[in-house]
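What follows is the residue order along each chain.
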Amino acid sequence: KASSLLVKLMMSLSKFEEAMSNCRVILSNLGVVFPVNVSLPVGLREMMGMQTMLSNITKDQITSLPPMTNKDKIAAMKFLNMLCKCSSISRPLMLPLLSSRMVKLTMEYGF
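Residues numbered from 1 in each chain as written. Predicted model: local features only at pLDDT ≥ 70, side-chain atom pairs only at ≥ 80, totals over all residues. Heavy atoms only, no water.

A. Spotlight on the overall build of the protein. Broken down by element type, the protein carries six helices and zero strands. Starting at the N terminus and walking to the C terminus, you meet the elements of the protein as α-α-α-α-α-α. For 111 residues, the compact-globule formula gives about 13 Å, and the C-alpha radius of gyration of the protein, at 14 Å, lands near that figure. Taken along its principal axes, the extent of the C-alpha atoms in the protein is 40 × 35 × 20 Å. Counting across all 111 residues of the protein, residues that qualify as buried make up 35%. When contacts within the protein are restricted to residue pairs at least 6 apart in sequence, long-range pairs at least 24 apart make up 77% of them. Carbon and sulfur atoms make up 61% of the accessible area of the protein, which totals about 6,800 Å². (Helix = DSSP H or I, 4+ residues; strand = E, 2+ residues; numbered from the N terminus. Rg over C-alpha atoms; globule rule 2.2 N^0.38 Å. Buried < 20%, exposed > 50% of the residue type's maximum accessible area, 1.4 Å probe, protein only. Contact = heavy atoms within 4.5 Å. Areas by Shrake-Rupley, 256 points an atom, 1.4 Å probe, with all protein chains shown as cover.)

Here you go:
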C-alpha cells in the first residue's frame, strides 16, 4: 500500500522516471521484470507475439476467464497499470511491452 502511494505521489509531482523506477523494482519483487529501455524493434516483436497469442482466442474465452485470485499477480497488474500511465508520458515505446505482459498475466491468472 505504501509503495503504491509513493508511486502515485511521484506521478502527481511529474516525477515519472522515479515513479517508473519504483514500479520496476516492485514488479521485479513480484516476479515481473522489465528492461529500463525498450527499442522500437523490441516493441514491434512484442506486439507481433501478442497478436499471434491472441489469434485463436475468442471473445467468449476471454469473458469466461476466472477471476484473478493470486494476490501477487493482482498487485503486479496494479503496478503495471501505473507504469502504463507513466510510460505514456515519458517512455511510450514501453507500452507494447506493458500491454503484452498484462494480457499474458490475464490469460494465465484470470480476469
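Structure's up, so let's keep going.
B. Summary view of helix 5 (residues 71–90). For helix 5, with 20 residues, the first-to-last C-alpha span of 28 Å sits near the 28 Å given by 1.5 Å per residue. When helix 5 is considered as a whole, its buried residues turn out to be Lys73, Ala76, Met77, Phe79, Leu80, Met82, Leu83, Cys84, Cys86 and Ser87. Where helix 5 is buried, its residues contact helix 1 (2–12), helix 2 (16–29) and helix 6 (95–109). In this structure Asn70 caps helix 5, since a side-chain oxygen of it lies 2.9 Å from the backbone nitrogen of Asp72. (Expected span 1.5 Å × (residues − 1). Polar contact = N/O pair within 3.5 Å; in protein donor to acceptor, adjacent residues only side chain to side chain.)

C. Up close: unusual backbone geometry. Even without being glycine, Ser14 reaches a positive phi, approximately 60°. Inspection of the secondary structure assignment puts Ser14 in the loop between helix 1 and helix 2.

These figures come from the coordinates and say nothing about function on their own.
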